[in-house]
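Descriptive structure summary
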Amino acid sequence: EMATIGLEIVIDHVNLDTRDIEPWTEGVHAVEHLLVGLAPSFVQCETRDLGSTYVGAESGRTGGTIYVFDDIPGGIGFSEALLSSASEWFERVVEQLSACTCDDGCPSCVLSPWCPSGNDRLSRGHGIVVASHMARL
């Protein structure tokens, strides 16, 4: 447990059929990774200065939730600074996912060496759908 500051990004207003929950969750996970991966281009930080986690659509929320937080006790404001660039940050996620030429996830787009689940349940293709939805909100 660590007291810090962070962002709760609620992906809401999505009508999901039960067949769509797993692919959507794979997309939420992909977006979570890329949000942290792109953060240093918006704030003066290292990727490892931030932590993240996600809760997929199966949690009962209509679209899932992504948490991005300062991975420093007490926080020093990285996640707060990201909030002021949220729309551009989300757009950049869509661009990065769309521009990648891999099949369905690589280190250039969504794979993370720090993923506690070993990059399981992760999809670049579904990430494009989720990120595009977020960019429209």
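Conventions we followed
- Residues numbered from 1 in each chain as written.
- Predicted model: local features only at pLDDT ≥ 70, side-chain atom pairs only at ≥ 80, totals over all residues.
- Heavy atoms only, no water.
- Helix = DSSP H or I, 4+ residues; strand = E, 2+ residues; numbered from the N terminus.
- Rg over C-alpha atoms; globule rule 2.2 N^0.38 Å.
- Buried < 20%, exposed > 50% of the residue type's maximum accessible area, 1.4 Å probe, protein only.
- Contact = heavy atoms within 4.5 Å.
- Areas by Shrake-Rupley, 256 points an atom, 1.4 Å probe, with all protein chains shown as cover.
- Lys, Arg positive; Asp, Glu negative; His and termini not counted.
- Charge placed at Lys NZ, Arg CZ, Asp CG, Glu CD.
- Core = buried A, V, L, I, M, F, W, Y, C linked by side-chain atoms within 4.5 Å.

Re the overall build of the protein chain
- The secondary structure content of the protein chain amounts to four helices and three strands.
- Reading the secondary structure of the protein chain in the N-to-C direction produces β-α-β-β-α-α-α.
- Relative to a compact globule of 137 residues, whose C-alpha radius of gyration would be 14 Å, the protein chain shows 14 Å and is just as compact.
- Here the C-alpha coordinates of the protein chain stretch approximately 40 × 35 × 30 Å along the principal axes.
- Per-residue burial over the protein chain gives 44% buried out of 137 residues.
- The contacts of the protein chain with a sequence gap of at least 6 include a subset with a gap of at least 24, amounting to 68%.
- Accessible surface computed for the protein chain: about 7,200 Å², of which carbon and sulfur atoms make up 49%.
- Each charge class in the protein chain can be summarised by its mean position, and for the 7 positive and 20 negative side chains these summaries are 5 Å apart.

Some words on the nonpolar core
- Ranked by internal contacts, the top residues of the largest apolar core, which has 38 residues, are I9, V31, L35, I66, L82 and W89.
- Elements with a minimum of two residues in this core: β1 (6-10), α1 (21-38), β2 (50-55), β3 (65-70), α2 (78-83), α3 (86-99) and α4 (124-136).
- Among the elements that make up this core, the one with the highest residue count is α1 (eight residues).
- In this view, L82 contacts L7, A39, F42, V43, L50, V68 and W89; residues no more than four positions away in its chain are not counted.

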